[in-house]
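# Chain and residue survey
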Amino acid sequence: MPGASDAGDSRHAASEDRWVLTFDRNYGELVFPRSVPPPPAIVYPRQGAFSAAWPAHGVLDPLSREDWVAGRLVVVAGRGVQRLRLPA
């Protein structure tokens, strides 16, 4: 959805029951304080000092565990993974 807003992307993903994979660190602000309807899951690989291939490798494990990711904002960082429950 080129040119769509983050809120529009979130609404679209929620309506189609799709997860969002984003490098936008502000994405969580849409669904927590602003109450934009959340998609089923948001996966955010944090950018940092790691190899260019790391984001792909870093998210493969969480993405392969649907029951672990569903309903969560999952932040994947070089030191580990943080999961926050999305609002209902």
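Let me begin by describing the structure that accompanies this report. (Residues numbered from 1 in each chain as written. Predicted model: local features only at pLDDT ≥ 70, side-chain atom pairs only at ≥ 80, totals over all residues. Heavy atoms only, no water.)

## Overview of helix α1 (residues 6-15)
Among all positions in α1, only Ala 7, Ser 10 and Ala 13 are buried. Buried residues in α1, looked at end-on, bunch into an arc of 130°, giving them a common side. Packed against the buried residues of α1 are β1 (20-21) and α2 (27-31). Downstream of α1 by a residue or two, Asp 17 has a phi angle that is positive, lying close to 55°. (Buried < 20%, exposed > 50% of the residue type's maximum accessible area, 1.4 Å probe, protein only. Helix = DSSP H or I, 4+ residues; strand = E, 2+ residues; numbered from the N terminus. Arc of directions from axis to C-beta. Contact = heavy atoms within 4.5 Å.)

## Describing the pairing of strand β2 (residues 42-45)
Consecutive side chains along a regular strand alternate between the two faces of the sheet. The alternating pattern of β2 places Ile 42 and Tyr 44 and Val 43 and Pro 45 on opposite faces, both of which are buried. With 2 bridges connecting them, β1 and β2 associate as parallel partners. Each bridged residue has a counterpart across the sheet, and for Leu 21 the counterpart in β2 is Val 43. Strand direction decides the pairing type here: β2 and strand β3 (residues 72-77), joined by 4 bridges, are parallel. (Pairing = 2+ DSSP bridges.)

## Remarks on unusual backbone geometry
In this model, Asp 17 sits at a positive phi of 55°, which is unusual for a non-glycine residue. By secondary structure assignment, the location of Asp 17 is in the loop between α1 and β1.

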